[in-house]
Amino acid sequence: MEKEKTVRLIYPQWQGASVVDLLPELKNDPAEASRGYYLGAQLLNFLAPDRGQETLTVPISTDMTDREVTDGVIDRDAILSQSKAALEMLRAANPDRIITLGGECSVSVVPFTYLADKYKGDVAMIWIDAHPDLTLPGDVYPGYHAMAATACMGYGEKQLISVLPAKIDPSKVLLVGIRNWERDEIKVRQQQYGIPNITGEEVADNSDAIREWLRSCGASKVVIHFDMDVLDPAEIIAAVGTDPDGMKMEQVIRVINDIAAEKEVVGLTVAEAMPRTAIRIKNMLNRLPLLK
């Protein structure tokens, strides 16, 4: 029997976010703030244990543009090109499991829909995040990272959705830890799609609510999106979002491991790492003699 193949996908995409205003300590260098997710993905790759998997790195442009909004999505053309490149790499490697290290939240879209296609829809998606990422083009915020969950379900900008190999039915999607719904229409959209949200408080002591959902979801496999802004900023500030009263690190670790004990995890994304201090150190080093 052929051994199943796991790949490590380094996906430092930053173009899906517009977050400069949320990073006041980097206000003097908005380009570096915008590209912070690029460094975040590299840092995650450095820190994450290397189990000898094949590593794929999606080529991501670091060129700063006017950040033009096209068909409701900021930097749409760059994201489209990079999505095609990521999908081509995955199809060539043909993995059974994918660890994705990003990058803003939209880095889950290609690997998750690739896996949904590979397993013919037998995949549930658990989105662990402070925000629901159910934005659509035409909403007030044009960042694709806020559209990532909807894109995985096949909703969104036509060109971006057209390159995706599959979609995940909303009935197989679970939100966990959402504490900032951003706008009223997002909460309405969540209810229209029929997607449940299990709060951080509901899994503070055990993962029973998630286990119950998994047993009824109708899929044998699961993909997990872990946005680092779900974490409580009182314990660690690891992302752009700093909404109070988030999940503790030990709670997130336990939840993800409990999911893995219940279903086969075929995809795991860690996203939205924004290394604020590392960016400031990098900028300092760039200004020193013999280094600049």
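The name that an unreviewed UniProt entry assigns to the protein chain is Arginase, with the source organism given as Parabacteroides gordonii MS-1 = DSM 23371. Among the UniProt annotations of the protein chain, the heading Sequence similarities (unreviewed entry) holds the following wording: "Belongs to the arginase family."

For strand 6 (residues 123–128), the buried fraction is high: six of the six residues fall into the buried class. Side chains Val 123, Met 125 and Trp 127 of strand 6 all project onto a buried face; the interleaved residues Ala 124, Ile 126 and Ile 128 project onto the opposite face, where all are buried too. As paired strands, strand 6 and strand 9 (residues 221–227) are joined by six bridges and run parallel to one another. Each residue of the ladder has a partner; that of Val 123, found in strand 9, is Lys 221. Relative to strand 7 (residues 173–176), strand 6 is paired through four bridges, and the arrangement is parallel. Residue Trp 127 lies in a different strand from strand 7, and its bridge partner there is Leu 175.

If you walk across this open sheet you meet the eight strands as 2-1-5-10-9-6-7-8, and the pairing is parallel. Looking along the sheet, the strands with just one partner apiece sit at the ends: strand 2 (54–57) and strand 8 (197–198). Across the face of the sheet, helix 3 (residues 76–93) comes into contact with strand 1 (6–11), strand 2 and strand 5 (97–102) while running at roughly 165° to strand 1.

Now for a nonpolar patch on the surface. Together, Ile 281, Met 284, Leu 285, Leu 288 and Leu 291 make up a nonpolar patch on the protein surface, roughly 440 Å² of accessible area in all. Following the sequence through the fold, Leu 288 ends up in the segment after helix 10 (276–285). A relative accessible area of 34% places Leu 288 in the partly exposed class.

Let's shift gears to the state of the cysteines. Per the stated rule, a full pass over the model turns up zero disulfides. No disulfide involves Cys 105; its sulfur sits 10 Å from that of Cys 152, the nearest cysteine. By relative accessible area, which is 1% here, Cys 105 ends up buried. Among the residues examined, Cys 152 registers a relative accessible area of 0% and is labelled buried.

With 14 residues, helix 9 (residues 249–262) ought to run about 20 Å at 1.5 Å a step, and its terminal C-alpha atoms sit 20 Å apart, in line with that. For helix 9, the full list of buried residues reads Gln 251, Val 252, Val 255, Ile 256, Asp 258 and Ile 259. The arc that holds the buried residues of helix 9, viewed along the axis, is 160°, so those residues lie on one side. Residues Glu 250 and Ala 261 are exposed on helix 9 and point more than 90 degrees away from its buried face. Elements that come into contact with the buried residues of helix 9 comprise strand 6, helix 8 (208–216), strand 9 and strand 10 (264–271).

Definitions and limits used
Residues numbered from 1 in each chain as written. Predicted model: local features only at pLDDT ≥ 70, side-chain atom pairs only at ≥ 80, totals over all residues. Heavy atoms only, no water. UniProt positions renumbered as here; feature names shortened; annotations may be inferred. Buried < 20%, exposed > 50% of the residue type's maximum accessible area, 1.4 Å probe, protein only. Helix = DSSP H or I, 4+ residues; strand = E, 2+ residues; numbered from the N terminus. Pairing = 2+ DSSP bridges. Contact = heavy atoms within 4.5 Å. Axes fitted to C-alpha atoms, helices over the stretch in contact; angles between N-to-C directions. Patch = residues over 30% accessible without salt bridge, like charges linked within 9 Å, V, L, I, M, F, W, Y side chains within 5 Å. Areas by Shrake-Rupley, 256 points an atom, 1.4 Å probe, with all protein chains shown as cover. Salt bridge = Lys/Arg side-chain N within 4 Å of Asp/Glu carboxyl O. Disulfide = S-S within 2.5 Å. Expected span 1.5 Å × (residues − 1). Arc of directions from axis to C-beta.

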